[in-house]
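# Residue-level structural notes
Here are the chains, one letter per residue:
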Amino acid sequence: MIQDPSSFLSSLVTAAPAAEPDSVVTNVSPAKAPPGRLSRRGLLAGAGALVLALSLKPTDAPAAEPAKFGADGMPHGWRDDPTLFVAIAPDGTVTVTCTRSEMGQGVRTSVALVVADELDADWAKVKVAQAHGDEERFGNQDTDGSRSLRHFFMPLRRAGAAARTMLVEAAAKQWNVPAGEVSAENHALVHAKTGRRIGFGEVAQAAASMPVPDRAGVKLKDPSAFRYIGKGRIGLIDNAGITTGKAQYGLDTRVEGMLYAVVARPPVFGGKVKTFDEAAAMKVPGVVKVVTIDPPAPPYEFMPTGGVAVIARNTWAAIKGREALNPTFDDGPNAAYDSDAYRATLEQAVRKPGKVVRQEGDVDAAMKKAVKRLEAEYYIPHLVQAPMEPPAATVRVAKDGKVEAWGCVQSPQAARDRIAKRLNLDPKNVTVNVTLLGGGFGRKSKPDYFVEAALCSQAVDGAPVKMTWTREDDLHHGYYHTVSMERLEAGLDDKGMPIAWLHRSAAPTIGSTFVAGANEQIPIELGMGLVNVPFAIPNMRMENPPADAHVRIGWFRSVSNIPRAFAVQSFLAELAHMAGRDPKDYLLDVIGPARIIDPVKMGDAWNYGEDPSRYPYDTGRLRNVIETVAQGAGWGRKVEKGRGLGIAAHYSFVTYTAAVAEVEVGPKGEVTVQRVDIAIDSGQQVNPERVRSQLEGAVVMGMGLALTAQITFKNGRAVQDNYDTYELTRINEAPKIINVHLVQGGGWDKPLGGVGEPGVPPVAPAIANAIFAATGRRIRQLPMRDKLSA
């Protein structure tokens, strides 16, 4: 999943050329320069709690800013101001503010444990508060791209350490002893010589008057002293509320005087409402008002696509009122969109040359010299995020121009900005409160549903309105993962090794959501397994034929890594079979020896927004996760008749993953995934318990993408309605065994990789390769389940 950025993506679509092997294409958004030094300030009192408030003094901006990477390159950058992250009550309760959205990945827990560890707080006395959307204050808040801890681990450590330093100095002053004789130990300040102790809450107010060291002077813990970071012993901080039903999600929002709304939207992307029966809808008991929502001019970006809203005193009345509208639509330019026909269009596109996005050597000449050749095409359909909790937002537009919103959103600043833009307000007058999210997977980065709720509230004189999307709404009117056709060709030498590699990828681009008519993939998509393959093949060419978008394209967990990993890792297994080689050994040989590769040299100008000097491509780490997962899975062991093992590996979000699947195929083609082993090297793992959970979830999600999930279109309309037709993996279908192998990639001084998304891409090709091992049948399209029973 990528950040929220119409201007960022627009620049990529319109301006960014393909990177030459010896050039760098940099596309970064301006970010607010992070504060330069910790200064000093006082104590804030509020809501009965004392807040340890430490402000930061910005440094002077340089005359010419260099290219920015990581958190520096994100809109509004980062913050490490303890005022934003740490509050200490008189009873010693520490409240850590989380600026990222919680959707099951455990970020609220991980953020809190980082701060608590540096603070040396007692975990039993730590709570979490959720920040509202305000990036000018909190820094970037987009919960996507697998970068919450990747970008904020060090700022959070500094915030906790700065607060600890202030507490130590306050205690030392109170005791009239040198600060060097005082230490923080498990929620107390201790004087080493006398053994005196005092609790955090007792000195918080005094700590506010202490001078604050420069950022460079803040002493961080030695990793050997970590109590929580990297230990994997902390459960979800929200677990009790979630399991007892007390946790508040977007759909749980209740505001006094609240009304409820649903929208009848055009069933075809780009269509418009022609007629509707307002009178019939108003006759439904409980219906209050019918409101027309006009769409903006294309591209729609994160704005509503139009429709007719029905506002009522309860959701059921709104739904029944919507049914009574009996609307008709002008289906517009995408009325004939048919996914089967479009597949043929993509097939034709990849069978002829496209825009060259990476080239090394002479592929055509090498192909002519090859002893053997293989050509294959892999098809991946549209997918949709389908989180368990559909989009939901409640908005109140007051008469004084102040707006308050509540909802499940991954990018609260985007919601704030879009509401302000549509209502012609100053964003500072819009407050977006973030609830827990019942899943997100990229859908809730796009806040069109917040704008719908705001327009409805405005239409009923500022009464709060909850906008609810049903499951059918979610599947029919979402932002879809792009459909993709991947064509690969390879030429082998007399030893069965590839000497030529051609990969053509045709898929509608996310850029089309931001720039009308965009039909070539942008750098963020090219860098997801197309151009940045690290193979030791002397002649390589990657091409991107154009592909028009006929639906809204949006990010989805792992984005374009899904089709690329499926195609590339399946193709390598096919080449191994052609060469008579073991798939794991062949994969390692194609990767070649351990080496460090500059991503720019592979044509990847994006590199997940990270500095290529800090995050080069390390084939040694990729090889290591392959060897680790193979050993953990018992690669090469004998399996029962009808079963097979498959292996796949992939690099995404600056993290290395590999998976081995054990699959059983029954006599009628029924597929059972018995076991999946998955290895990850994301650098040091801050919260191993959550890493394991994320990888287990990625396996289950990847299995659904591999076997059952797809969105198809007829006459411009999405065919699937609910979970009965858009099938995800059920509990009884999940693998009986999922083994997660955590690989520690370097020390705590090394940069972190992502965790939330990298586990998904290798799962589908591992399953496909296992099916081939079990049956001898090669399936080159997703989903695979029905292809075996045919």
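Computed from a predicted structure; not experimentally measured.

Definitions and cut-offs
Residues numbered from 1 in each chain as written. Predicted model: local features only at pLDDT ≥ 70, side-chain atom pairs only at ≥ 80, totals over all residues. Heavy atoms only, no water. Helix = DSSP H or I, 4+ residues; strand = E, 2+ residues; numbered from the N terminus. Rg over C-alpha atoms; globule rule 2.2 N^0.38 Å. Buried < 20%, exposed > 50% of the residue type's maximum accessible area, 1.4 Å probe, protein only. Contact = heavy atoms within 4.5 Å. Areas by Shrake-Rupley, 256 points an atom, 1.4 Å probe, with all protein chains shown as cover. Lys, Arg positive; Asp, Glu negative; His and termini not counted. Charge placed at Lys NZ, Arg CZ, Asp CG, Glu CD. Salt bridge = Lys/Arg side-chain N within 4 Å of Asp/Glu carboxyl O. Core = buried A, V, L, I, M, F, W, Y, C linked by side-chain atoms within 4.5 Å. pLDDT = per-residue confidence, 0-100. Pairing = 2+ DSSP bridges. Axes fitted to C-alpha atoms, helices over the stretch in contact; angles between N-to-C directions. Left-handed = near helix turned anticlockwise from the far one by under 90°. Nonpolar A, V, L, I, M, F, W, Y, C, P; charged D, E, K, R; others polar. Phe/Tyr/Trp six-rings, centres within 6.5 Å; stacked < 30°, edge-to-face > 60°. Lys NZ or Arg CZ within 6 Å of the ring centre and 35° of its normal. Polar contact = N/O pair within 3.5 Å; in protein donor to acceptor, adjacent residues only side chain to side chain. Parallel < 35°, antiparallel > 145°, perpendicular 65-115°, else oblique.

Here the focus is the overall build of the protein chain. When its secondary structure is counted, the protein chain shows 21 helices and 32 strands. Scaling as 2.2 N^0.38, a compact globule of 790 residues should have a C-alpha radius of gyration of about 28 Å, and the protein chain matches this with 27 Å. Looking at the 790 residues of the protein chain, the share that counts as buried comes to 61%. For the protein chain, restricting intrachain contacts to residue pairs at least 6 apart in sequence, the fraction spanning at least 24 positions comes to 78%. Looking at the protein chain as shown, the accessible area adds up to about 28,900 Å², and 50% of this sits on carbon and sulfur atoms. Each charge class in the protein chain was averaged separately, 91 positive and 87 negative side chains, and the resulting centres sit 2 Å apart.

A word on the pattern of salt bridges. Opposite charge on two side chains lets them pair, provided their charged atoms get close. Summed over all chains, the structure comprises 53 salt bridges. The closest approach of N and O atoms between arginine 418 and glutamate 301, which form a salt bridge, is 2.6 Å. Of this pair, arginine 418 sits in helix H12 (residues 412–423) while glutamate 301 sits in the loop between strand E13 (287–293) and strand E14 (307–312), and the two are 117 residues apart along the sequence. In this pair, the class of arginine 418 matches that of glutamate 301, namely buried.

Another point: the nonpolar core. The biggest cluster of nonpolar side chains holds 121 residues, and the ones touching the most others in it are Trp501, Phe535, Ile767 and Met784. If you tally residues by element for this core, the top one is helix H19 (residues 688–707), at nine residues. Those residues within four positions of phenylalanine 535 in sequence are excluded, and the remaining contacts are Trp501, Met540, Val568, Leu572, Val590, Ile591 and Arg595. Ala170, Val203, Val686 and Leu752 belong to the second-largest nonpolar core, a separate cluster that totals 54 residues.

Here the protein chain shows a mean pLDDT of 92. Residues at 70 or above account for 92%. Across residues 2–62, where pLDDT falls below 50, the model places 170 contacts with residues more than four positions away in sequence or in other chains.

Here strand E21 (residues 465–468) shows two buried faces, one formed by Val465 and Met467 and the other by Lys466 and Thr468. Judged from the four bridges that link them, strand E18 (residues 392–397) and E21 form a sheet pairing that is antiparallel. Its bridge partner lying in E21, valine 395 is registered against valine 465.

A sheet is described by the order of its strands in space; here three strands give the open sequence E5-E6-E7, paired in mixed fashion. A strand with exactly one partner marks an edge of an open sheet, and here the two such strands are strand E5 (86–88) and strand E7 (126–130). Strand-to-strand twist in this sheet, taken as the mean axis angle between neighbours without regard to direction, amounts to 30°. Here E5 runs beside strand E6 (residues 94–98); their pairing, made up of three bridges, is antiparallel. Bridging from a neighbouring strand, isoleucine 88 pairs with valine 94 of E6.

Our next topic: the environment of valine 665. With respect to the helices and strands, the residue valine 665 is situated in strand E28 (residues 655–665). Residue valine 665 is classed as buried on the basis of its relative accessible area, which comes to 13%. Once the C-alpha coordinates of valine 665 and proline 390 are considered, the two residues, 275 residues apart in sequence, prove to be 34 Å apart. With near-sequence residues (within four places) excluded, valine 665 lies in contact with Gly642, Glu670, Val671, Ile771, Ala774, Thr775 and Leu788.

This next bit is on the packing of helix H3 (residues 107–119) against helix H5 (residues 148–175). In contact at an axis separation of 7 Å, H3 and H5 are set at 35° when each is read in the N-to-C sense. Our pair here, H3 against H5, has a crossing hand that is right-handed. Along its contact with H3, which presents Val107, Ser110, Val111, Val114, Val115, Glu118 and Leu119, the element H5 presents Ser148, Leu149, Phe153, Leu156, Arg157, Gly160, Ala161, Ala163, Arg164 and Leu167. Along the lines of polarity and charge, the residues of the contact of H3 with H5 split into eleven nonpolar, three polar and three charged.

So, on to the packing of aromatic side chains. Tallied over the entire structure, the rule returns 21 aromatic pairs. With 5.5 Å between their ring centres and 70° between their planes, tyrosine 337 and tyrosine 342 make a pair best called edge-to-face. Taken individually, tyrosine 337 and tyrosine 342 each receive the classification buried, so the pair is uniform in this respect. Relative to phenylalanine 535, the ring of tryptophan 501 lies with its centre 5.3 Å away and its plane at 70°, an arrangement referred to as edge-to-face. You can see tryptophan 501 sitting in strand E23 (residues 498–506) and its partner phenylalanine 535 sitting in the loop between helix H15 (523–526) and strand E24 (539–544), a full 34 residues away along the chain. Residue tryptophan 501 is classed as buried on the basis of its relative accessible area, which comes to 0%. The structure contains a cluster of three or more aromatic residues connected by ring pairs, namely Trp606, Tyr608, Tyr617, Tyr651, Phe653 and Tyr656. One cation-aromatic arrangement involves arginine 552 over tyrosine 479; the distance from NZ or CZ to the ring centre is 3.8 Å.

Right, let's talk about helix H17 (residues 583–591) for a bit. Since there are 3.6 residues in each turn of an α-helix, residues three or four apart along the chain are aligned in direction. Those residues of H17 lying buried are Lys584, Tyr586, Leu587, Leu588, Val590 and Ile591. Buried residues along H17 sit against strand E22 (484–492), E23, helix H16 (561–579), helix H18 (619–633) and strand E27 (643–652). Its side-chain oxygen placed 3.0 Å from the backbone nitrogen of lysine 584, aspartate 582 serves as the N-cap of H17. Backbone geometry just downstream of H17 places glycine 592 in the positive-phi region, at approximately 85°.

Bringing the packing of H19 against helix H20 (residues 763–775) into the picture now. The N-to-C vectors of H19 and H20 enclose an angle of 60°; their axes lie 8 Å apart at closest approach. By the criterion of interaxial angle, the relationship of H19 to H20 is oblique. Here H19 and H20 pass one another in a crossing that is right-handed. Across from Ala698, Val699, Gly702, Met703, Ala706 and Leu707 in H19, the residues of H20 making contact are Val763, Ala764 and Ile767. Its residues assigned to classes, the contact of H19 with H20 comprises eight nonpolar, one polar and no charged.

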